[in-house]
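Secondary and tertiary structure notes
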Amino acid sequence: MKRYLYVLMLTIMVVIMSEFQTAGMMPQIAADLGVSTGQVGTVVTLYALGMALGGPLLVYLLRHRPPKGSLLIVIGTYAVLEVLVPLIHEFWWLALLRVLTGCLSGAAYGIAVSYSARLAPSPEKIGEAVSIVLGGIMVGTVIGLPLSHFLAARWGWQSSFYILGIAAFAVFLISLLTLPAREAAAQEAAAQDLRKLRSPKLWSRYLVSLLTIGAAFAGFSYFTPLLEQNAGFATNTTTLILLAYGIVSFIGNLIVGKFADQHAIGILRIGHTLLFVSLALLGAFSNAQPLALAMVLIVGVAGVPMNPAMVARVAEIGGTGNMVSTVHTSLITMGVALGSAIGALAISRAGDDPSAAMWIGAAFAVFATLTLATQSRGRRQPLRRPHATETVDSV
């Protein structure tokens, strides 16, 4: 069972690496294409918008196909589009293909999570199965951004797209040869999954996820220019810092995952506080190297690693079905889009100063804190895992 789950984890890892790649090489892309850092930041936004809007649409269109076939269609097309990015040396081409690959990425994420529930040997093992697949987020975070930064510095930013395209094609072949077949979802199961999206409580929890990730990515999207331009770190040192960011994110994910079911609200409260403090300090003192380094690492611990707690709160209400999972991913990536877009606008208004985006992230953290507070008044009940019928039948 686990070897199949690790194949799905590879799928998540590759699309997460691709999501982060432009953030790791903004200065090189901006200089090569003759645009500003803020304009390159909009590419991060466009990718996230593709995930948020196109991902659910693709999953809806593929809802009656077997999960293996759906995943192969998505990841195969993704591989082709990724290698096409460097072929035309124009900003508009880069932006267009990032929208399309973002759509495919959102679909791949939702399909992989739901597929993992189908591959679990028993209902009691569904949570473990999903957690293995979601580990691809952290591994992709550890590898993706520093790798793209390293490749761009050595062989140009285009090399990152070629390598990730080849990696996606490799995942396609591995999936084709190894993943077991499962039946397509019945019409009633698919309809039940859609009906769960009518719950106001579910959408209120989606909103917390959007704001939390928006806070993290308003800062994270611009760490490369902040570290190099404001803090004055060398390119090689920045690569190491970004690698350290990924490592502490991985560690943070392990810690949060261990306690997310029983203490999701407390974890999110701590995370929001750390995000606000660290991003505000980065906004105010980005030229102080030791402080900038420490605060970047704190964002690594308190940002993306909040994901298990957010997933646990959503699963409590809606399960981990295909559409519920994909829409959650969409709202999270909408947070990426909003955070990076408003951050880009702030940078442009501040004379291309990346520290302006840190204040946007701090503001998102405040809104996330206030939204969570409205949901957690009164006595808190322990989170429960969804029943098997809420997950396995919803794929």
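Reading guide: rules and limits
Residues numbered from 1 in each chain as written. Predicted model: local features only at pLDDT ≥ 70, side-chain atom pairs only at ≥ 80, totals over all residues. Heavy atoms only, no water. Helix = DSSP H or I, 4+ residues; strand = E, 2+ residues; numbered from the N terminus. Buried < 20%, exposed > 50% of the residue type's maximum accessible area, 1.4 Å probe, protein only. Areas by Shrake-Rupley, 256 points an atom, 1.4 Å probe, with all protein chains shown as cover. Phe/Tyr/Trp six-rings, centres within 6.5 Å; stacked < 30°, edge-to-face > 60°. Axes fitted to C-alpha atoms, helices over the stretch in contact; angles between N-to-C directions. Parallel < 35°, antiparallel > 145°, perpendicular 65-115°, else oblique. Left-handed = near helix turned anticlockwise from the far one by under 90°. Contact = heavy atoms within 4.5 Å. Nonpolar A, V, L, I, M, F, W, Y, C, P; charged D, E, K, R; others polar. Salt bridge = Lys/Arg side-chain N within 4 Å of Asp/Glu carboxyl O.

The protein goes by Arabinose ABC transporter permease in an unreviewed UniProt entry, where it is assigned to Kocuria flava.

Let us now look at the overall build of the protein. Broken down by element type, the protein carries 16 helices and zero strands. Within the span of the protein, comprising 395 residues, buried residues form 61% of the whole. For the protein, the accessible surface area stands at approximately 14,900 Å², while carbon and sulfur atoms represent 68% of it.

What follows is about the packing of aromatic side chains. Following the criterion strictly, the structure yields nine aromatic pairs and no others. Judged by centre distance (6.0 Å) and plane angle (80°), the rings of F150 and W155 are edge-to-face. The rings of F217, F220, F223 and Y245 are connected pair by pair, giving a single aromatic cluster.

Here helix α1 (residues 2-21) crosses helix α5 (residues 91-119) at 155°, and the two axes come no closer than 10 Å. Comparing their axes, α5 and α1 come out roughly antiparallel. Note on packing geometry: the crossing formed by α1 with α5 is left-handed. Together, Y4, L5, L8, T11, I12, V15, S18, E19 and Q21 of α1 and R98, S105, A108, Y109, A112, Y115, S116 and L119 of α5 make up the contact between the two elements. Residues that form the contact of α1 with α5 fall into these classes: 10 nonpolar, five polar and two charged.

Below, the discussion takes up the pattern of salt bridges. Counting across every chain of the model gives two salt bridges. For R98, the salt bridge identified is with E82, shortest N-O distance 4.0 Å. On the criterion of sequence distance, the pair formed by R98 in helix α5 and E82 in helix α4 (residues 67-84) is long-range, its members being 16 residues apart. Both residues of the pair, R98 and E82, belong to the buried class. One salt bridge connects E316 with R205, and the closest N-O pair in it is separated by 2.4 Å. On the criterion of sequence distance, the pair formed by E316 in helix α13 (residues 307-318) and R205 in helix α9 (residues 200-220) is long-range, its members being 111 residues apart. Neither residue differs from the other here; E316 and R205 are each classed as buried.

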